[in-house]
Amino acid sequence: MTPVDLKRLIHSVFASREEEMLCSEFFEQLPRYVEMEASGQDAAGLLPEVAHHLQQCSECGELYRALSEAIL
Ligand SMILES: [Zn+2]
């Protein structure tokens, strides 16, 4: 890996971190998200940050599965 590649990598990590949702924000949105899915709405389209966080964070993904199983 060249220094330029490394710089680019570091930059992309920090850049994506800025946009990334915090787990605490995710928890606030999760009940809404699961309810939308349960009622047949496009939850991922309406709350894209939540859908994105679900893919990035395995702990929140597990929580999501537990909650959606409890509701559905
Ligand atoms: Zn998370």
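Look up a bit, the structure's there.
Below, the structure is looked at part by part.

Calculation notes
Residues numbered from 1 in each chain as written. Predicted model: local features only at pLDDT ≥ 70, side-chain atom pairs only at ≥ 80, totals over all residues. Heavy atoms only, no water. Helix = DSSP H or I, 4+ residues; strand = E, 2+ residues; numbered from the N terminus. Buried < 20%, exposed > 50% of the residue type's maximum accessible area, 1.4 Å probe, protein only. Contact = heavy atoms within 4.5 Å. Areas by Shrake-Rupley, 256 points an atom, 1.4 Å probe, with all protein chains shown as cover. Polar contact = N/O pair within 3.5 Å; in protein donor to acceptor, adjacent residues only side chain to side chain. Donors = N, O, S within 2.8 Å, 3.2 Å for Na, K, Ca; no water. Tetrahedral: all angles 85-135°; square planar, octahedral: opposite > 155°, others 65-115°. Arc of directions from axis to C-beta.

Another point: the overall build of the protein. Scanning the protein from N- to C-terminus turns up five helices and zero strands. In sequence order, the secondary structure elements of the protein are arranged as α-α-α-α-α. Counting the 72 residues in the protein, one finds 24% classified as buried. Nonlocal contacts in the protein, meaning residues at least 24 apart in sequence, comprise 58% of its contacts between residues at least 6 apart. As presented, the protein carries roughly 5500 Å² of accessible surface, and 55% of it is formed by carbon and sulfur atoms.

Along the chain, Ser 68 falls in helix α5 (residues 58–71). Taking relative accessible area as the criterion, Ser 68 reaches 11% and is therefore assigned buried. One polar contact links the side chain of Ser 68 to the main-chain carbonyl oxygen of Arg 65, over a distance of 3.2 Å.

For the zinc ion, the full set of protein donor atoms is Cys 23 (SG), His 53 (NE2), Cys 57 (SG) and Cys 60 (SG), and the range of their distances to it is 2.0 to 2.4 Å. Angles of 100 to 115° at the metal separate the four donor atoms of the zinc ion, which places the site in the tetrahedral class. Summarised as a motif, the one-chain spacing of the donors to the zinc ion is C-x29-H-x3-C-x2-C. Taken together, the residues span a long stretch of sequence, with Cys 23 in helix α2 (residues 23–38) and Cys 60 in helix α5 at a distance of 37 residues. Owing to a relative accessible area of 2%, Cys 60 belongs among the buried residues under this scheme.

In this section: helix α4 (residues 48–56). Along α4, the residues classified as buried are Val 50, Ala 51, His 53 and Leu 54. Taken end-on, α4 shows its buried residues confined to a sector of 160°, consistent with a single buried face. Taken together, the buried residues of α4 touch α2, α3 (43–46) and α5.

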